[in-house]
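Working through the structure, step by step
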Amino acid sequence: MTCYEACEGRCCTGKDACKNFTGEICKDGKSCIGDSSCQGANVALVAKSCQGVGACKKLAAGASGNTIRIRSSCIGGEACAYAAYANGEIESIIHSCSGNKACNRAAFGGRVKLIEEGCNADTACNNAAMNNKNGILWIQNA
């Protein structure tokens, strides 16, 4: 059974959406919508998030990468794609990263503890702390 079938058409829509995805996606009609959305991502819970071509692609998907939850976030083409990817870890992204390429490659080689109510514009927080091994602890109201 494919993710699209498991979602009964209410998530994982688009070519290669959710391909090689690990985690849980809400059947809310607003999660992992668009070609390659959530592809190769490792997220415990996606709710009303990851909308747009390539949104959340390979999000925290490195060897030890993991994301606890994404809620009402990562809305736009390539939003949150590759965030904390290499060996990254993202605890939460909440009401954030809305805009094309918002949070794209944020802490690419590192860690993000929390992004909340921030980075809501095209390219906002794009490449933030990308090469910082300590990553980003939190971004709030930015």
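No experiment lies behind these values; they were computed from the predicted model shown.

Section: the pairing of strand E6 (residues 89-94)
Of the strand pairs in this sheet, strand E5 (residues 66-71) and E6 are connected by 5 bridges, and their pairing is parallel. Bridge pairing links Arg71 to Ile94 in E6. Here E6 pairs with strand E7 (residues 111-116) via 5 bridges, running parallel. When the bridges of E7 are listed, Ile94 appears paired with Glu116.

A word on the pairing of strand E4 (residues 42-47)
Counting buried positions over the 6 residues of E4 gives 5, a clear majority of the element. As paired strands, strand E2 (residues 22-25) and E4 are joined by 4 bridges and run parallel to one another. Bridge pairing links Thr22 to Asn42 in E4. Across 4 bridges, E4 lies against E5 in parallel orientation. Paired with Ala47 across the bridge in E5 is Arg71.

Digging into the pattern of salt bridges
Applying the stated criterion to the full structure yields 3 salt bridges. Arg10 serves as the salt-bridge partner of Glu8, at 2.7 Å between the closest nitrogen and oxygen. For Glu8, a relative accessible area of 54% gives the class exposed. Its relative accessible area of 38% is what places Arg10 among the partly exposed residues. Across the salt bridge formed by Lys27 and Glu8, the nearest N and O atoms sit 3.9 Å from each other. Of this pair, Lys27 sits in the loop between E2 and strand E3 (31-33) while Glu8 sits in the loop between helix H1 (3-6) and strand E1 (11-13), placing them 19 residues apart in sequence. By relative accessible area, which is 42% here, Lys27 ends up partly exposed.

Criteria and cut-off values
- Residues numbered from 1 in each chain as written.
- Predicted model: local features only at pLDDT ≥ 70, side-chain atom pairs only at ≥ 80, totals over all residues.
- Heavy atoms only, no water.
- Pairing = 2+ DSSP bridges.
- Helix = DSSP H or I, 4+ residues; strand = E, 2+ residues; numbered from the N terminus.
- Buried < 20%, exposed > 50% of the residue type's maximum accessible area, 1.4 Å probe, protein only.
- Salt bridge = Lys/Arg side-chain N within 4 Å of Asp/Glu carboxyl O.

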